[in-house]
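Each chain, written out:
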Amino acid sequence: MIATTTSRLPDSRRIVITGVGLTAPNGNSLKEFRESLLNGRSGVRDYEIRYVGKTVAGVCDFDTLRYQARRELRRGTRAGSVGIYSSHEAVRDAGLDWDHCDPSRVGVYIGVTEHGNVETEHAIYEIKGYNYDTSFWSHHHNPRTVANNPAGEVALNMGITGPHYTIGAACAAGNAGLIQGAQMLLLNECDVALAGGVSESIHTFGIFASFKSQGALASHADPARASRPFDIHRNGIVVAEGGCMFVLERLDDAKRRHANIYGELVGHAINTDATDFVLPNPDRQAECMGLALKRAGLAPEQIDIVSTHATGTSSGDTQECQALRQVFGTSSRTRFNNTKSFIGHSMGAAGALELAGNLVSFADGVCHATINVDELDPACAMNGLVLNQPQEIGKPEYILNNSFGMLGINSVVIVKRF
Amino acid sequence: MTPSEIRAEVIDILGDIAPDEDLSQLKDDLPFREQLELDSMDFLDIVMELRKRHRIQVAEEDYGQLASMDSTVKYLEPRMKDL
């Protein structure tokens with residue numbers, strides 16, 4: 001076994017995941033989420049939104065009042081609420097003595113695909129009822145739509161006075177949030193990083209309408225079967241909301257407080273296609289995976305699970321498979337799965353949620369499946385695809401998590417068993 | 001609207017703006033902000049709700065009139081008597 005590059009580093013230069021908090025359409029904790037993933041339980045349901053009408057979506061049902069007062073909920077955004085719930089759950093899961101944490105040494109780094117569309121659409125809908133008289137425009141609009149909003153709401157709610165901001169990275173944002181958190185720990189800008197991604201996208205009609213106009217909005221008589229990456233009859237994206245926040249710490253700090261360690265972040269990469277607004281570029285995706293592997297000091301054959309990005313669009317899935325074949329073509333060890341088949345595409349949260357759902361493999365030795373694959377698209381066929389049923393894989397050592405987004409942003413994270 | 005109806009309307013607005021507060025013990029002669037957790041944005045919500053519900057425009061120089069229930073009802077009475 002080739003040692004990963006990070007294992008040669010001092011503990012103060014190694015980053016570990018010590019807490020996970022999440023809300024997904026099929027689970028409001030890592031335990032619930034994992035159970036759903038292993039039992040083929042979808043979180044996609046019938047959904048209706050103004051102007052677009054009936055569609056399907058991944059909808060979360062977390063207890064919004066667990067960590068927020070009603071006044072706070074009224075003032076804030078859904079993305080903020082998702083972030084607050086996930087962050088509190090992550091801190092609790094990490095076993096941090098929050099009351100004695102220095103709030104100025106905690107940072108909040110949240111990936112978002114977009115922010116502000118929900119609030120802007122709603123405000124315009126409201127003033128339509130007043131003949132577009134802007135004197136009825138809410139004074140809450142600006143604080144709700146500033147791009148740092150979800151991270152700022154987390155900081156406000158939790159009394160965090162260290163750095164906070166969002167990372168706008170389209171659908172690569174979940175990984176990007178995680179990477180940013182790790183980098184800020186390495187720069188010693190904070191001692192605890194709350195990092196991940198959130199999405200409130202199901203509350204903007206624009207995202208549904210835009211995917212529909214693009215011919216990329218999924219539909220199916222049975223909502224639970226609408227998200228079908230790799231299936232030949234897939235017909236687009238199921239939009240989902242959700243959030244996942246990780247507690248990241250430097251290894252020496254985590255060891256000092258005897259923290260439970262989910263895994264070590266041993267490699268990452270972000271690159272850019274520079275080829276198209278929407279269409280992905282498999283060569284750049286392959287380069288991104290290759291760069292993350294190189295930084296981790298790993299060969300492709302050492303990766304046990306690849307958590308794919310595939311969203312259920314006809315071209316996106318085949319192009320990612322093309323990239324995966326370029327990188328993992330000779331690996332007989334690697335398994336490939338897809339979380340969006342269960343919950344849809346949770347946008348800014350996707351990368352973080354999809355990694356979280358797979359992290360448990362280090363403990364239970366199971367690779368969850370890609371569900372809803374009735375007929376595998378030959379263009380997506382690869383050795384190692386885990387389809388419809390979870391697979392026992394022994395003792396996985398490495399998970400590679402793909403997350404790609406519009407404007408050609410690619411992100412890859414590699415986590416090692418600890 | 002009568003003064004008591006205006007008071008009930010203001011209580012209804014406050015109920016939306018400060019949903020965690022117990023408004024049954026509100027003292028009409030004391031400033032809202034001494035009794036409730038209200039900041040300037042919440043205060044602007046009162047102004048906005050009056051505008052939305054009753055098309056009442058509270059001029060900025062009159063904001064001080066909305067400090068307590070007594071002063072609010074007094075300020076609104078001539079403006080809402082025909083509603």
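Model, not experiment: these values are computed from the prediction.

Cut-off values and rules
Here the residue numbering is sequential within each chain, running from 1 through the sequence in written order. As a convention, the first chain written is A and the first ligand written is 1, with the rest following in written order. Only residues with pLDDT of at least 70 get local features here, since the model is predicted, and only at 80 or more are side-chain atom pairs given and counted; chain-wide, interface and lining totals rely on the full set of residues. Numbering goes from the N terminus for both helices and strands, where a helix is a DSSP run of H or I of at least four residues and a strand is a run of E of at least two. Exposed residues have 12 or fewer other C-beta atoms within 10 Å of their own C-beta, buried residues have 20 or more, and partly exposed residues fall in between, where C-beta atoms are placed from the backbone. Here, residues touch in the contact sense if the C-beta positions derived from the backbone fall within 7 Å of one another. Under the convention adopted here, Pro, Cys and the residues Ala, Val, Leu, Ile, Met, Phe, Trp and Tyr are nonpolar, Asp, Glu, Lys and Arg are charged, and Gly plus all remaining residues are polar. When buried Ala, Val, Leu, Ile, Met, Phe, Trp, Tyr and Cys residues are joined through C-beta atoms within 7 Å, the set is termed a nonpolar core. Pairing between strands is defined by DSSP: at least two bridges between the two strands are required. With axes taken as lines fitted to C-alpha atoms, and helix axes fitted only over the stretch in contact, angles between N-to-C directions fall between 0 and 180 degrees. pLDDT is defined as a per-residue confidence score from the predictor, taking values between 0 and 100. Working definition: roughly parallel below 35 degrees, roughly antiparallel above 145 degrees, roughly perpendicular at 65 to 115 degrees, and oblique for all remaining angles. For a crossing to be left-handed, the near helix must be turned anticlockwise from the far one by less than a right angle; the clockwise case is right-handed.

Chemist: Explain the overall build of chain B to me, please; I cannot follow it from the model alone.
Modeler: For chain B, the count of helices and strands is four helices and zero strands. Across chain B, helices and strands are ordered from the amino to the carboxyl terminus as α-α-α-α. C-alpha atoms of chain B, sized along the principal axes, occupy 30 × 25 × 20 Å. Residue burial in chain B is summarised as follows: out of 83 residues, 18% are buried. Partitioning the contacts of chain B with sequence separation of at least 6, the portion at a separation of at least 24 is 57%.

Chemist: Explain the interface of chain B and chain A here, please?
Modeler: Many structure descriptions define interface size as the accessible area lost when the parts assemble. The interface of chain B with chain A comprises eight residues on the first partner and nine residues on the second. Class assignment for the residues of the side of chain B that touches chain A results in five nonpolar, no polar and three charged.

Chemist: What should I look at first to understand the nonpolar core in this one?
Modeler: Here is a general trend for soluble globular proteins: nonpolar side chains tend to be buried in one another's company. Leu194, Phe246, Ala356 and Ile414 of chain A are the most contacted members of the largest nonpolar core, which has 118 residues in total. Non-local contacts of alanine 356 of chain A, meaning those with residues more than four positions away in its chain, are made with Val20, Leu22, Leu30, Phe33 and Cys244 of chain A.

Chemist: What should I look at first to understand the sheet that holds strand β8 (residues 263–272) of chain A in this one?
Modeler: Strands in a sheet are paired, the pairing made by backbone hydrogen bonds, and the direction either parallel or antiparallel. All names here are of chain A. An order of β5-β4-β6-β7-β1-β8-β14-β13-β9-β10 is seen for the ten strands of this open sheet, with the pairing classed as mixed. Strand pairing shows two members of the sheet lacking a second neighbour, β5 (164–168) and β10 (335–337), which therefore form its edges. Neighbour to neighbour, the strand axes of the sheet diverge by 25° on average, direction disregarded. Taken together, the three bridges between strand β9 (residues 305–307) and β10 define a ladder with parallel strand orientation. Paired with serine 307 across the strands is asparagine 337, a residue of β10. Contacting β1 (15–23), β4 (106–112), β6 (192–199) and β7 (242–250), helix α3 (residues 78–94) runs over the sheet at an angle of about 130° to β1. Packing against the sheet, helix α13 (residues 350–359) makes contact with β1, β4, β6, β7, β8, β9, β13 (398–405) and β14 (409–416), and its axis sits at approximately 160° to β13.

Chemist: Looking at this structure, how should I read unusual backbone geometry?
Modeler: Glycine aside, negative phi is the norm for most residues, and most peptide bonds take the trans geometry. Residues other than glycine seldom take positive phi values, yet asparagine 131 of chain A does so here, at roughly 55°. Within the secondary structure, asparagine 131 of chain A is located in the loop between α4 (117–128) and α5 (141–145).

Chemist: Hey, could you run me through the confidence of the model for chain B in this one?
Modeler: When pLDDT drops low, the exact placement of atoms in the prediction is not to be read closely. Model confidence for chain B is summarised by a mean pLDDT of 97, while 100% of its residues fall at 70 or above. For this predicted complex, the interface confidence reaches an ipTM of 0.95, while the overall pTM sits at 0.97.

Chemist: So what exactly am I meant to see when it comes to the packing of helix α7 (residues 173–186) of chain A against α13 of chain A here?
Modeler: The relative placement of two packed helices comes down to the angle between their axes together with the axis-to-axis distance. All names here are of chain A. Where α7 meets α13, the axes come as close as 5 Å, and the angle between the chain directions of the two elements is 80°. As far as their axial angle goes, α13 and α7 are roughly perpendicular. When α7 is examined against α13, the residues Ala173, Gly174, Asn175, Gly177 and Leu178 are found in contact with a partner set consisting of Ala350, Gly351, Ala352 and Leu353. For the contact of α7 with α13, the class distribution of residues is five nonpolar, four polar and no charged.

Chemist: I would appreciate a short explanation of the environment of valine 108 of chain A in the present structure.
Modeler: Residue and element names in this part refer to chain A. Tracing the chain through its elements places valine 108 in strand β4. Separated by 149 residues in sequence, valine 108 and arginine 257 have C-alpha atoms that sit 21 Å apart. Not counting residues within four places of it along the chain, the set of residues in contact with valine 108 comprises Ala151, Val154, Ala155, Ile160, His164 and Leu194.

Chemist: Hey, could you run me through the packing of helix α10 (residues 282–296) of chain A against helix α11 (residues 314–328) of chain A in this one?
Modeler: Residue and element names in this part refer to chain A. In the contact formed by α10 and α11, the axes pass within 8 Å of each other and the chain directions differ by 45°. Taken as axis vectors, α10 and α11 run oblique relative to one another. Considering only the axes of α10 and α11, their crossing is right-handed. In this structure, α10 contributes Pro282, Gln285, Ala286, Met289 and Gly290 to the contact, and α11 contributes Gln319, Glu320, Gln322, Ala323, Gln326 and Val327.

Chemist: Would you mind going over the pairing of β7 of chain A with me for this structure?
Modeler: Regular strands have side chains that alternate between both faces of the sheet. Residues and elements named next belong to chain A. Judged by how many residues are buried, β7 sits mostly within the fold: nine of nine residues are covered. Where burial is concerned, the two faces of β7 agree: the one with Gly242, Cys244, Phe246, Leu248 and Arg250 and the one with Gly243, Met245, Val247 and Glu249 are both buried. Pairing of β1 with β7 involves eight bridges; the strand directions are antiparallel. Of the residues in β7, the one forming a bridge with isoleucine 15 is arginine 250.

Chemist: Any chance you could explain the pairing of β4 of chain A here in plain terms?
Modeler: Residue and element names in this part refer to chain A. Along β4, seven of the seven residues are buried, which leaves the element largely enclosed by surrounding structure. The side-chain alternation of β4 yields two buried faces, one formed by Val106, Val108, Ile110 and Val112 and the other by Gly107, Tyr109 and Gly111. When β4 meets β6, the two strands line up parallel, connected through six bridges. Each residue of the ladder has a partner; that of valine 106, found in β6, is valine 192. Examined bridge by bridge, β4 and β5 share five bridges and lie parallel to one another. If you follow valine 108 over to β5, its bridge partner there is histidine 164.

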